[in-house]
Amino acid sequence: MNQTLKNILTGPLQVDEQSLRPEASLEDAGLDSLAIAELDLLLAEHGVTLGADRLTSVTTVGALDQLVDEHLAGK
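Residues numbered from 1 in each chain as written. Predicted model: local features only at pLDDT ≥ 70, side-chain atom pairs only at ≥ 80, totals over all residues. Heavy atoms only, no water.

Student: How would you explain the overall build of the chain if you had to name every residue and give the values?
Tutor: Summing up its helical and strand segments, the chain has four helices and zero strands in all. The linear arrangement of helices and strands in the chain, starting from the amino end, is α-α-α-α. C-alpha extents for the chain along the principal axes are approximately 30 × 20 × 20 Å. With 75 residues in all, the chain has 37% of them scored as buried. For the chain, long-range pairs separated by at least 24 residues make up 57% of all intrachain contacts whose partners lie at least 6 apart in sequence. Of the accessible surface of the chain, which amounts to about 4,400 Å², a share of 48% is contributed by carbon and sulfur atoms. For the chain, the distance from the average position of its 4 positive side-chain charges to the average position of its 13 negative side-chain charges is 6 Å. (Helix = DSSP H or I, 4+ residues; strand = E, 2+ residues; numbered from the N terminus. Buried < 20%, exposed > 50% of the residue type's maximum accessible area, 1.4 Å probe, protein only. Contact = heavy atoms within 4.5 Å. Areas by Shrake-Rupley, 256 points an atom, 1.4 Å probe, with all protein chains shown as cover. Lys, Arg positive; Asp, Glu negative; His and termini not counted. Charge placed at Lys NZ, Arg CZ, Asp CG, Glu CD.)

Below, the structure is given as structure tokens:
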């Protein structure tokens, strides 16, 4: 998992590291719509500008990780 994403999820968003399995849904990991909006802002602070629309289009932790990695690879 991308370290920046992991640090944001387990730090400010207080997601339990054990729930960060690739197959886990974002909801099961504890990310509701408010947390997704906050995640978008926190990622932007780290240079990862995805937008809430793209973030809400993914449904699993693994897909979220892949989205962040793809963005970083395209920089």
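Past the structure itself, the notes keep going.
Student: Let's hear about the environment of Thr 4: which residues, and what values?
Tutor: Within the element layout of this structure, Thr 4 appears in helix H1 (residues 3-10). Here the alpha-carbon distance between Thr 4 and Leu 43, two residues 39 residues apart in the chain, equals 8.1 Å.

Student: Describe the pattern of salt bridges, and please don't skip the residues or the numbers.
Tutor: Evaluation of the coordinates by the stated rule reveals two salt bridges. Between Glu 17 and Lys 6 there is a salt bridge; the shortest N-O distance is 2.8 Å. Of this pair, Glu 17 sits in the loop between H1 and helix H2 (33-45) while Lys 6 is found in helix H1, placing the two residues eleven residues apart along the sequence. The exposure class assigned to Glu 17 is partly exposed, which follows from its relative accessible area of 46%. Glu 23 is paired through a salt bridge with Arg 21; the nearest N and O atoms lie 3.1 Å apart. (Salt bridge = Lys/Arg side-chain N within 4 Å of Asp/Glu carboxyl O.)

Student: Please provide a residue-by-residue account of H1, values included.
Tutor: Among all positions of H1, only Leu 5, Ile 8 and Leu 9 are buried. The buried side chains of H1 occupy one side of the element, clustering within an arc of 95° when seen end-on. Contacts from the buried residues of H1 go to H2 and helix H4 (61-73). A distance of 2.9 Å separates the backbone nitrogen of Thr 4 from a side-chain oxygen at the start of H1, and that oxygen is part of Asn 2. (Arc of directions from axis to C-beta. Polar contact = N/O pair within 3.5 Å; in protein donor to acceptor, adjacent residues only side chain to side chain.)

Student: Break down the side chain of Asp 65 for me, citing the residues and quoting the values.
Tutor: Structurally, Asp 65 can be placed in helix H4. Here Asp 65 is buried and forms no salt bridge, its nearest opposite-charge partner Lys 6 lying at an N-O distance of 10 Å. Those residues in contact with Asp 65 that sit more than four places away from it in its chain are Met 1, Asn 2 and Leu 5.

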